[in-house]
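Coordinates in review
Chain by chain, the residues:
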Amino acid sequence: MAEDIPSSSPPIAASDTAPLGSSVISLVNRLQDIFARVGSQSTIDLPQVAVVGSQSSGKSSVLEALVGRDFLPRGNEICTRRPLVLQLVQTKAPEHDEYGEFLHFPGRKFHDFSEIRREIQIETDREAGGNKGVSDKQIRLKIFSPNVLDITLVDLPGITKVPVGDQPSDIEARIRTMIMSYIKTPTCLILAVTPANSDLANSDALQMAGIADPDGNRTIGVITKLDIMDRGTDARNLLLGKVIPLRLGYVGVVNRCQEDIQMNRSIKDALAAEEKFFCSRSVYNSLADSCGIPQLAKRLNQILAQHIMAVLPGLRARISTSLVAVAKEYASYGEITESKAGQAALLLNILSKYCEAFSSMVEGNNEEISTSELFGGARIHYIFQSIFFRSLEEVDPCEDLTDDDIRTAIQNATGPKSAVFAPSVPFKVLVRRQISRLLDPSLQCARFIYDELIKISHRCMVIELQRFPFLWKRMDEALGNFLREGLEALENMIAHLIAMELNYINTSHHNFIGGSKALEIASQQTKSSMVSIPVSRQKEVLESDKGSVSERSVKSRAILARQANGVVTEPGVHAASDAEKVVSSGNTGGSSWGISSIFGGGDSHTIVKENVASKPHTEPVHSVEQSFSMIHLREPPPVLRSSESYSETEAIDITVTKLLLRSYYDIVRKNVEDLVPKAIMYFLVDKAKGELHNVFIKKLYRDNLFEEMLREPDEIALKRKRCRELLRAYQQAFKVDSPNTF
């Protein structure tokens with residue numbers, strides 16, 4: 001399409017082109033240019049006007065009419081396939097001195113607007129393909145002309161229903177998502193374009209504007225194609241906002257038709273025809289401020305300037321905040337140094353800062369104190385107080401020892417003799433077993449503190465280490481080995497502490513209850529328990545004790561009377577024989593140990609002696625051996641346990657043993673509660689704080705390791721470059737946005 005021939009007069013009268021709000025609009029334009037150079041990394045949403053409408057709604061015609069030139073691609077299908085950011089800048093140059101500049105072609109001026117159209121088409125095909133594809137990457141065009149007002153608009157792809165060419169099946173959803181990403185921001189004004197020959201209630205532009213701006217505070221309605229409405233109809237109610245009200249109102253325009261474009265009808269002639277149309281329609285005479293492209297340009301200029309003034313204070317604050325944040329991030333990346341001296345200084349600085357951060361977090365001197373959770377040294381204190389101490393204090397030293405266990409231990413300690421007092425051997429055996437139970441929780445506590453130190457080492461990583469993952473890997477290895485060595489020495493120390501307690505049972509300790517006191521308490525407890533037993537039951541217990549003692553004495557005398565040769569060797573000792581048992585059972589069997597010999601008038605001891613003495617020494621005493629051979633002993637069981645019932649003495653012994661166990665266990669427990677945390681602090685925590693820097697210097701501060709440890713990954717270098725560009729953009733924006741700018 002041929003370019004329009006420049007007209008002798010601008011489309012908007014010179015008297016109407018006062019630079020309304022030009023200072024603030026140009027300010028935003030400069031900010032847009034600055035941030036556009038760094039891509040989409042900027043988080044600053046700048047004020048702008050987004051043009052929204054469906055295909056063939058007249059968007060492109062409205063934009064060209066505002067510029068006064070043909071410069072946009074045309075066609076029956078989708079033409080705008082990439083967002084076009086159009087900055088109109090009013091100049092004081094000669095009337096026909098108009099040109100355009102693309103951001104991707106800095107310094108090149110396009111005086112021929114047909115070349116601008118071709119460049120837009122080329123850039124669109126380069127990014128979105130040549131077969132109707134779409135892309136969300138912007139094309140930025142700035143047009144300088146004395147015939148325009150300062151306005152910044154974003155021409156967005158038209159909303160389409162049916163995919164064509166290379167367009168995906170969900171092209172409508174993609175375009176809507178792209179449009180919504182612009183118009184949902186509070187700083188964006190919405191220019192909703194709707195043709196007058198369609199139902200306004202079905203307008204795609206107004207529908208999306210209603211979602212992004214439900215109150216209608218940022219939406220300007222544009223009604224196009226008023227000249228092709230059905231005869232007898234008009235758009236007066238639409239323009240007055242009686243159908244769908246908008247706070248910023250509506251503006252009606254008349255576009256060039258496709259025939260006018262094909263016939264190269266100039267925009268000047270089209271504007272003149274538009275003015276004639278509204279003047280010839282009495283229905284629109286009273287709506288002069290709501291009709292025509294010149295009125296639309298003024299309204300957009302005024303509304304945009306007011307909108308910018310309203311958002312400018314918040315915009316300045318966001319730029320300032322972002323500048324500080326980006327400056328801090330850029331400082332964390334630092335500068336690249338290649339000299340050995342510079343590398344050594346950088347490494348030493350990083351190691352020192354890390355060790356300081358580690359110590360501060362352990363001691364609680366960290367500047368960034370959390371209010372949501374415990375960390376660092378506070379967690380170590382919690383492990384000591386709420387986990388280790390409480391767990392030890394809740395343990396009953398006798399919880400896994402029954403009375404039968406203690407009784408069995410006492411009986412085993414007496415050996416073949418009956419003990420008059422409870423022996424000390426079972427106490428020492430049992431108390432050692434209970435003391436040994438303190439080893440595992442002590443070692444677990446040490447492991448918990450080790451894990452906490454590892455967490456602290458990862459949490460206090462200084463920001464400079466993000467640049468050097470190889471250095472952090474070396475530091476993590478050195479720190480891990482150092483802490484493991486400390487843990488090993490600590491575990492040995494804890495094992496020695498428990499072994500010391502096991503090796504020497506100090507029954508002379510001033511806090512130990514002692515045997516006399518324990519016996520007194522046990523006797524009182526036993527007597528009080530016996531009082532609750534009926535008297536008849538007490539007698540039965542005592543008689544059973546006596547009976548058992550008598551029975552044991554008889555059996556003992558019977559066993560002691562027999563020797564290896566089967567005769568009685570000691571005078572005066574009564575040998576319990578089978579004959580006695582026969583008499584007691586009523587058996588009258590005959591033998592030399594018969595009834596007459598046991599119940600005769602003489603002494604049984606004398607009879608036995610005489611019978612034995614009257615026989616020659618060479619004659620074997622068969623009758624005696626035969627009598628004793630009649631006794632058959634029951635073999636002891638493989639596993640021998642104590643009887644279920646026990647005497648008062650045994651009850652006292654058991655109680656005494658429990659009292660001694662609890663008393664001495666409490667002494668050892670308090671020692672462990674005191675010494676284990678001290679050992680942990682000395683061998684692990686304080687050692688890490690005091691010696692970590694020296695360990696790093698010894699392991700890492702070497703000339704041959706500098707280059708390897710201070711090597712940056714490619715992504716870090718790329719981040720530094722982008723951050724530097726963004727920092728420069730914010731610095732420039734901060735200068736542009738200063739109060740002295742306007």
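Please refer to the structure placed before this passage.
So, here's what we can say about the structure. Residue numbers run consecutively from 1 along every chain, following the written order of its sequence. Confidence filtering applies because this is a predicted model: local features only for residues at pLDDT of at least 70, side-chain atom pairs given and counted only at 80 or more, and all residues used for totals across whole chains, interfaces and linings. Side-chain numbers come from the whole structure's heavy atoms, not from hydrogens or water.

With respect to the overall build of the protein
- In DSSP terms, a helix is any run of H or I states spanning at least four residues, a strand is any run of E spanning at least two, and both are numbered starting from the N terminus. Counting its secondary structure elements, the protein contains 24 helices and 8 strands.
- Every residue pair with non-hydrogen atoms within 4.5 Å of one another is taken to be in contact. Intrachain contacts of the protein at a sequence separation of at least 6 include 81% that bridge at least 24 residues.
- The Shrake-Rupley method, run with a 1.4 Å probe, gives the accessible areas here. Residue values count only the displayed protein chains as cover. A total of about 39,800 Å² of accessible surface is found on the protein, and carbon and sulfur atoms cover 52% of it.

A closer look at unusual backbone geometry
- Despite not being glycine, Lys225 has its phi angle at roughly 60°, a positive value.
- Inspection of the secondary structure assignment puts Lys225 in the loop between strand E7 (219-224) and helix H6 (236-239).
- Lys225 gets classed as partly exposed once you look at its relative accessible area, which sits at 22%. Burial classes: relative accessible area under 20% of the type maximum marks a residue as buried, over 50% as exposed, and values in between as partly exposed (1.4 Å probe, protein chains only).

Some details on the pattern of salt bridges
- Every case where a carboxyl oxygen of Asp or Glu lies within 4 Å of a side-chain nitrogen of Lys or Arg is listed as a salt bridge. What the rule picks out here adds up to 18 salt bridges.
- Notably, a salt bridge pairs Lys137 with Glu127, separated by 3.4 Å at the nearest N-O pair. Of this pair, Lys137 sits in the loop between helix H3 (113-128) and strand E4 (139-145) while Glu127 sits in helix H3; the two residues are 10 residues apart in sequence, bridging distant segments of the chain.
- Classification of Lys137 by relative accessible area gives partly exposed; the value is 47%.

What to know about helix H5 (residues 204-212)
- Asp204, Ala205, Leu206, Met208, Ala209 and Ala212 are the residues of H5 that are buried.
- Buried residues belonging to H5 abut strand E1 (48-52), helix H4 (171-183), strand E6 (188-195), E7 and strand E8 (250-252).
- Contacts described as polar in this section are N or O atom pairs within 3.5 Å, which, within protein, must combine one atom able to donate a hydrogen with one able to accept it, while residues neighboring in sequence count only if both atoms come from side chains. The distance from a side-chain oxygen at the start of H5 to the backbone nitrogen of Ala205 is 3.5 Å, and the residue carrying that oxygen is Ser203.

Examining the packing of helix H10 (residues 340-363) against helix H15 (residues 469-503)
- Two elements in contact, H10 and H15, have axes separated by 13 Å at closest approach and are oriented at 50°. Taken together, the axis directions place H10 and H15 in an arrangement best described as oblique. When the axes of H10 and H15 are compared, the crossing they make is right-handed. The segment H10 lies against H15, with Leu347, Ile350, Leu351 and Tyr354 engaging Leu471, Trp472, Met475 and Leu479. Here an angle of 0 to 180 degrees is reported between the N-to-C directions of two axes, which are lines fitted to C-alpha atoms, with helices fitted over the stretch in contact. Angles below 35 degrees are treated as roughly parallel, those above 145 as roughly antiparallel, those between 65 and 115 as roughly perpendicular, and all remaining angles as oblique. Crossings are classed by handedness, with left-handed meaning an anticlockwise turn of the near helix from the far one by less than a right angle and right-handed meaning a clockwise turn.

Comments concerning the packing of aromatic side chains
- Note on aromatic contacts: the rings of Phe and Tyr and the six-membered ring of Trp form a pair at centre separations within 6.5 Å, being stacked when their planes are under 30 degrees apart, edge-to-face when over 60 apart, and tilted otherwise. Scanning all chains against the criterion turns up 12 aromatic pairs.
- Look at Phe388 and Phe389: their rings are 5.8 Å apart centre to centre, the planes differ by 50°, and that puts the pair in the tilted class. Taken as a pair, Phe388 and Phe389 share a single burial class, namely buried.
- Through a chain of ring-to-ring contacts, three or more aromatic side chains come together here, namely Phe102, Phe105 and Phe110.
- When the ring centre of Phe105 is taken as reference, the NZ or CZ atom of Arg108 above it lies at 5.2 Å.
- The criterion for a charge sitting over a ring is simple: Lys NZ or Arg CZ within 6 Å of the ring centre, and within 35 degrees of the ring normal. Positioned above the aromatic ring of Tyr99 is the side chain of Lys109, whose terminal nitrogen or guanidinium carbon lies 4.7 Å from the ring centre.

Points about the environment of Ile521
- With respect to the helices, strands and loops of the structure, Ile521 is situated in helix H16 (residues 515-531).
- Sequence-wise, Ile521 and Ile652 are 131 residues apart; in three dimensions their C-alpha atoms are separated by 9.2 Å.
- Every residue in contact with Ile521, bar those within four places of it in the chain, is listed here: Ile513 and Leu659.

Some words on the sheet that holds E1
- Pairing between two strands is assigned when DSSP locates at least 2 bridges connecting them. Pairing within the open sheet is mixed, and its 8 strands lie in the order E3-E4-E2-E5-E1-E6-E7-E8. Two strands close off the open sheet at either side, each with one partner strand: strand E3 (99-102) and E8. On average, adjacent strands in this sheet sit at an angle of 25° to one another, irrespective of strand direction.
- Examined bridge by bridge, E7 and E8 share 3 bridges and lie parallel to one another.

Re helix H24 (residues 714-736)
- A rise of 1.5 Å per residue sets the reference length of H24, with its 23 residues, at 33 Å; its end C-alpha atoms lie 33 Å apart and thus fit the reference within 8%.
- Inspection of H24 places Ile716, Arg720, Cys723, Leu726, Leu727, Ala729, Tyr730, Ala733 and Val736 among the buried residues, and these make up the whole buried set. Expected span, for any helix, means 1.5 Å times one less than how many residues it has.

Observations regarding the environment of Arg702
- Within the secondary structure, Arg702 sits in the loop between helix H22 (648-700) and helix H23 (703-709).
- As for Arg702 and Ala344, which are separated by 358 residues in sequence, their C-alpha atoms are 8.5 Å apart.
- Of note is the side chain of Arg702, whose polar atom sits 3.4 Å from the backbone oxygen of Lys698.

Focus: the pairing of strand E5 (residues 151-155)
- Most of E5 is tucked away, with 5 of its 5 residues classed as buried.
- Residues Ile151, Leu153 and Asp155 of E5 are buried on one face, and the alternating residues Thr152 and Val154, pointing to the opposite face, are buried as well.
- Two strands pair when backbone bridges link them, and E1 and E5 are joined in this way by 3 bridges, in the parallel orientation. Directly across from Val49, in E5, lies its bridge partner Leu153.
- Alignment of strand E2 (residues 84-90) against E5, held across 5 bridges, turns out to be antiparallel. The residue bridging Leu86 from the neighbouring strand is Leu153, located in E5.

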